[in-house]
Structure formats: C-alpha cells, structure tokens
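Tertiary structure, described
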Amino acid sequence: MVIVVVENCAKEIEIPARGDVFNDVIALLKKYGGRFDPSAKVWRFGALPSALVNELARFIDIKDVGDCITDAVLVGNYYLVPPQLAGRVNYDALKYTVRKYDPDEKEFYEEEVKLWVTKEDGSVLVPRGLAKSALPSMRFQLFAPWLDPKKVIEKAVETGGFRDYQAEVIGSIADDFKVVGASTVWMATGGGKSYMSAGLIKVLQSLYPNKIKKVYYLSMSIDLALQFREFAEKWGLKVGVVTGEEKDWSKSIVAATAQTLYRAITAALNEKNGNDEDVDAEIKPYLDVVELDKKEMLDLTGDYEKADLVIIDEVQHLPARTVKTVAKFNKRAIRLAMSATPWRNDGKDLEIYAWAGEITRRKVTSSELIKRGYLVPAYIFMWKRYMRDECVETYYSMKGTDATGAQRFSAVKKCVFSDSDRDADIIEVAETLPKPLLLLTKEVEPAKRLHKQLLKNGLKAELVIGAVKGEKRRAIFNRVEKLDVLVADTVADEGLDLPPILSLLITGGGMSKTRTLQRVGRVVRPWKDKKYAIVVDLWDLGPYFEDHGEERLNLYRTEPLWRVFITNTEELFQKLNGLLRS
C-alpha cells in the first residue's frame with residue numbers, strides 16, 4: 001500500500017500496489033515531485049498534478065479529489081507545466097522586447113526576452129508571479145492555501161491604524177498571496193506603503209504565527225531601512241537592521257539593503273566577493289557600505305533563506321541583476337513588492353511582475369490621495385530656458401562623426417551642467433522659493449557647486465550625495481525643517497519621507513518615468529500649515545534635453561490634481577510671486 005498525502009486539500013489517497021506495480025507507482029510519484037516522509041511513511045504533494053492523476057488511473061480510480069488536482073505545480077520560483085499542457089501556456093504574457101545598441105554596426109536593434117524555460121522533456125517552467133496571465137485556462141497549485149483573505153481583512157480592520165484605502169489594498173494583496181504568493185503594490189508617494197506593510201506584518205504574524213515567522217524588508221538604501229524600522233515601531237514591532245553601525249538579524253523582522261544581501265549571497269555561493277564594482281549601475285547611487293566578515297555573510301544568507309515573507313521596496317529596481325539575484329534566492333517566501341512607480345523605462349516591466357507578482361487590483365494614485373486630504377496639491381512649473389549656444393554647437397559638431405548617440409549626449413550634458421549662467425539662474429530661483437527647499441541635481445559636481453554658492457549667499461544649506469553615508473544622511477534628513485535648502489543628487493530621488501519640504505527645484509533633466517513622478521513625492525506630504533507644494537522643473541531647450549522635458553511634462557499631466565504651468569524665466573518669477581502673495 002502506498003499512501004499519498006495532498007497538503008493543499010488535506011486528503012490522503014491509498015494506492016494498493018505490490019511488486020512491479022509498486023515500483024511503477026513510486027517511479028511516477030518521484031517523477032511528479034513527490035516528497036517521501038520516512039517518519040510518517042507517506043508521499044507528500046502540495047497539490048496533485050493532473051498528469052499524475054491520469055497516469056495513476058492505470059492502477060486506481062481516484063475519486064473525490066477534484067479540489068486537490070492541479071495542472072501546474074509549484075517548483076521554487078516557477079510553476080511547472082507538463083509537456084501535454086505546454087500548448088495551453090499564454091507565451092505572449094511571458095516575453096518582452098528590449099532595444100540594444102550594436103557598437104560595431106553603430107545601430108540599434110531589438111531583442112526578444114523570454115521568461116519561460118522549456119525543459120528537455122517538453123515541460124515548461126513559468127515564473128510564478130505571472131501565472132495568472134500566463135496560465136489563464138489552467139488549474140495551478142495555490143501558493144498559500146492556508147491563507148484566508150477575508151480573515152486578513154477582518155484582522156486588519158480589528159487591529160486598526162490603517163487608512164480605509166490601505167485596508168482595501170491589503171485585501172487585494174491577500175488574494176494575490178493565496179494564489180501565487182506574490183503581489184506588487186502601486187501606491188503613490190505619500191500613500192504610506194512602508195507603514196502599511198509593517199501593519200500587514202503584524203496582521204499576518206498574529207493570524208499565522210507558524211507560517212510567517214521571519215520577515216525581511218529589502219530597500220535600496222540604509223535611509224529607507226531605518227525609516228521602515230521607525231514605521232514598524234509605531235505598530236509595536238521590533239526590527240533588526242543591517243547597517244554600518246548595527247548588524248542584527250536575530251529578530252523576527254529584519255531590514256537590510258539589497259546590496260548587502262547580494263554581497264552575502266554571492267560570497268556564500270563562492271561566486272564573487274560581492275564588492276562595490278559588482279553592483280548594478282542603476283542602484284550604485286544608493287550604495288551604503290556594510291562590512292561583513294565571511295561568517296557574518298554566511299549567517300545572514302542562511303537567515304534570509306529561511307524568511308517566510310520578503311518585502312521589496314522601490315521594486316522598479318528588481319530587474320537589476322543585484323536585486324533580482326536576492327529576490328530569487330529565497331524561493332519559498334511570499335513576496336510583497338511596493339513602489340509609487342512599479343514600471344521601467346527600458347521595457348523590462350515584466351521582470352518586475354515575474355518575480356514579485358503582477359500589480360494588485362487596488363491601485364492608489366496621487367490625485368486620489370490629494371482628494372482624500374492625505375497629500376497637498378502640487379503646482380508644477382516647467383521652466384523653459386535655452387541652453388547656451390556652445391552646447392548646441394557641440395551636438396552638431398559631433399553629428400556625422402564616429403561618435404555614438406551616448407557620446408554625443410554625454411558631451412551635451414557636460415556642457416549644460418557646467419554652465420555658470422545656468423547655475424546663477426538656479427540660485428536666484430532657489431532664493432525665491434519657499435523654504436525648506438529640496439534642490440535636486442543629477443550629478444555630484446553641480447550639486448557641490450550649487451551648495452557652495454548657497455552657503456556663500458548666506459543660506460542654511462546641506463549637501464547629500466552618495467559619498468555622504470547612511471547615518472550622516474539620516475541626521476541631515478531629520479533636521480531638514482531647520483534648513484533653507486537641502487541639495488541632493490539622485491540619492492534623494494526615491495522613497496524618502498520629508499514632510500517639512502515646501503518646494504522642490506529639479507535641475508537634472510532626464511525622462512525617467514519612475515524618477516519624474518517619485519521626485520514630486522518628496523514635496524507633497526502634508527506638514528503643519530502647508531497648503532500646497534511648489535515644484536519647479538528646469539526644462540533646458542536644446543538637443544536631447546528639450547525632448548526629455550516633453551516626456552516629463554506628459555508624465556506630470558497624468559495626475560489630474562497636479563496643476564502644470566509652462567513658463568520662461570520672467571514668467572516663472574511672476575507666477576511664483578503671484579502664488580506666494582495669494
């Protein structure tokens with residue numbers, strides 16, 4: 001007699017088998033991923049593959065297990081679809097196209113990226129985050145059959161402390177967790193993503209203490225890890241953090257940067273040292289060095305691998321190799337991903353949803369939060385200013401040469417960002433805007449120059465760039481209310497909670513869909529008598545920058561309650577003075 005236990009539906013199946021039949025049955029159970037439990041002397045399945053049921057029909061008529069049967073079973077980060085059902089996979093939901101540049105041919109080309117894996121036997125591995133889109137006509141194994149979304153919502157309401165829309169988002173998340181164990185939350189800056197996620201941990205740990213024992217919160221910077229701990233403490237939760245000063249992963253909740261975990265994981269796998277040079281360019285601006293010895297790296301990796309829930313903040317960075325490696329390393333955890341902008345400029349959006357789950361059905365926009373009184377309205381001024389002739393000439397002098405588009409853009413950018421007249425105009429606008437002001441640049445040198453000039457002009461100004469490490473940055477952020485101007489490069493583009501900031505001056509250009517919307521989030525949070533936020537976005541007119549400005553303008557206009565104005569320099573001062581007098 002062979003006994004099969006199906007855990008998803010808590011049923012036992014007895015299969016009478018002896019001799020050669022016994023061997024054939026055991027071979028089938030192994031083939032379809034059964035795990036033998038020697039203590040109970042049973043074979044265990046999370047769910048019963050429909051292909052296995054069909055093959056077992058040769059030996060036994062299996063009845064009353066309809067709710068146990070699945071067409072696709074969980075295998076780590078994937079669902080495994082048997083060969084006979086491979087034709088029913090929606091492959092269009094599992095591929096995307098990226099644009100690449102061939103330096104030899106000096107031209108762009110498109111490359112198709114496929115996120116499924118076809119095995120030698122014809123079976124197909126589908127990323128579990130995309131299962132709902134890729135396997136629409138199949139029964140696939142529930143990731144967390146023990147989780148009851150209705151109870152999660154009821155517990156959230158009973159616990160209290162959530163805004164009404166946050167409770168609705170939690171219900172949507174719980175549905176996703178049960179089905180595929182992954183959910184991506186699209187919530188505008190100021191919606192309280194980190195606070196809500198900490199409250200969700202409390203709800204899940206109180207409902208399912210044996211299922212959600214260990215939680216990891218992953219951020220791109222130490223600032224956000226420390227900020228998350230503050231939010232968690234408001235829920236009465238204790239959080240260990242891994243920073244330059246603290247190395248505590250003993251608690252049930254741990255906040256760490258993805259870069260630190262990447263180093264630990266790669267060192268534990270003996271692949272690389274995980275040094276700074278091995279970190280993706282897109283997250284290098286947030287890099288905070290956390291020194292761990294070999295034993296600490298092994299311990300941290302082992303602890304992370306046991307996590308039951310992994311929360312990924314600013315998930316738009318997940319397609320970066322560093323972050324993706326960390327996310328996929330723990331194959332067993334439920335994943336919650338969050339961002340005000342869960343998409344990409346490079347077309348790799350599907351990489352987010354493949355490993356962190358598709359965007360959950362309840363979305364929260366900035367305009368909704370303004371309407372509900374959780375954010376203040378934003379007045380956005382697109383400040384048109386012509387770049388100097390020399391920058392335009394630089395562009396045209398390089399056309400028709402061997403210079404690539406990237407090299408031409410770099411030369412124009414260098415010319416624009418080194419313009420002393422441009423700096424002087426920026427300083428004049430900065431002195432006019434309400435304080436505290438956040439002045440954002442794209443590069444370090446302009447940030448240093450502007451900071452120096454502001455100090456020379458008698459303003460209380462601080463400088464935050466990548467070289468200013470986590471704890472010092474945090475100290476500056478904590479006293480921002482006492483400053484006139486906080487000058488920062490891209491390190492302040494995302495995630496930071498700085499309610500005292502009254503106005504924002506953006507001077508770095510660019511056309512990133514994520515950064516453009518995230519930057520406005522730095523200034524729209526309510527604070528004391530703040531009635532509105534002022535954003536001035538410097539729109540340099542000339543090659544590249546003019547087109548980029550059009551992209552940003554179109555993005556700002558996607559939010560109905562952001563008021564957008566297009567001005568030249570003279571009109572900008574007129575409108576600002578009129579607004580400030582009203």
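1. Details of the overall build of the chain
When helices and strands are tallied, the chain shows 20 helices and 25 strands. Taking 2.2 N^0.38 as the reference for a compact globule, 582 residues should give roughly 25 Å; the C-alpha atoms of the chain span a radius of gyration of 27 Å, in line with that estimate. Seen through its principal axes, the chain has C-alpha atoms that stretch 90 × 60 × 50 Å. Burial analysis of the chain (582 residues in total) assigns 57% to the buried set. In the chain, 73% of the contacts between residues at least 6 apart in sequence involve partners at least 24 apart. With the model as given, the accessible surface of the chain reaches about 25,000 Å², and the carbon-plus-sulfur share is 49%.

2. Quick look at the packing of helix α4 (residues 149-159) against helix α6 (residues 193-207)
Two elements in contact, α4 and α6, have axes whose closest approach is 10 Å; the angle formed by their N-to-C orientations is 115°. In the packing of α4 onto α6, the handedness of the crossing is right-handed. Across the interface between the two elements, K151, V152, K155, A156 and T159 from α4 touch L200, K202, V203, L204, S206 and L207 from α6. For the contact of α4 with α6, the per-class residue count stands at six nonpolar, two polar and three charged.

3. As for unusual backbone geometry
Residue P436 is bonded to the preceding K435 through a cis peptide linkage, with omega at 0°. Tracing the backbone shows P436 in the loop between α15 (420-432) and β20 (437-440).

4. Focus: the layout of surface pockets
Summary: where empty space remains is shown by rolling a probe the size of a single water molecule over the atoms. In this structure, the second largest pocket encloses a volume near 760 Å³. Taken together, 34 residues make up the lining of the second largest pocket; nearest its centre are G33, V73, L74, V75 and Q141. When contributions to the lining of the second largest pocket are tallied by element, the ones reaching two or more residues are β4 (42-45), α2 (50-56), β7 (73-75) and β8 (78-81). Counting residues per element, the lining of the second largest pocket draws most heavily on β7, which supplies three residues.

5. Regarding helix α8 (residues 258-268)
Counted residue by residue, α8 has ten buried out of eleven residues, so it is predominantly covered. Taken as a whole, α8 has its buried residues at A258, Q259, T260, L261, Y262, R263, A264, I265, T266 and A267. Each element contacted by the buried residues of α8 is listed here: β14 (215-219), β16 (253-257), α9 (294-305) and α10 (321-329). Looking one or two places after α8, you find N270, whose phi comes out positive at around 60°.

6. Looking at the packing of aromatic side chains
The full count for this structure, using the stated rule, is 21 aromatic pairs. For the ring pair F36 and W43, a centre distance of 5.3 Å and an interplane angle of 50° mean the geometry is tilted. Given the relative accessible area of 9%, W43 is considered buried. An angle of 80° between the planes, with centres 5.3 Å apart, marks the rings of Y216 and Y304 as edge-to-face. Here the residue Y216 occupies a position in strand β14, and Y304 occupies one in helix α9, the gap between them amounting to 88 residues. By relative accessible area, Y216 is classed as buried at 0%. Look at Y304 and you get buried, because its relative accessible area is 0%. Aromatic ring contacts, followed pair by pair, group Y395, Y396, F409, F417, Y544 and F545 into a single cluster.

Cut-offs applied
- Residues numbered from 1 in each chain as written.
- Predicted model: local features only at pLDDT ≥ 70, side-chain atom pairs only at ≥ 80, totals over all residues.
- Heavy atoms only, no water.
- Helix = DSSP H or I, 4+ residues; strand = E, 2+ residues; numbered from the N terminus.
- Rg over C-alpha atoms; globule rule 2.2 N^0.38 Å.
- Buried < 20%, exposed > 50% of the residue type's maximum accessible area, 1.4 Å probe, protein only.
- Contact = heavy atoms within 4.5 Å.
- Areas by Shrake-Rupley, 256 points an atom, 1.4 Å probe, with all protein chains shown as cover.
- Axes fitted to C-alpha atoms, helices over the stretch in contact; angles between N-to-C directions.
- Left-handed = near helix turned anticlockwise from the far one by under 90°.
- Nonpolar A, V, L, I, M, F, W, Y, C, P; charged D, E, K, R; others polar.
- 1 Å grid on protein atoms, 1.4 Å probe; cavity = no way out; pocket = protein on both sides within 12 Å on 5 of 7 lines; lining within 4 Å.
- Points joined across faces, edges and corners; volume = space filled by probe spheres on them.
- Phe/Tyr/Trp six-rings, centres within 6.5 Å; stacked < 30°, edge-to-face > 60°.

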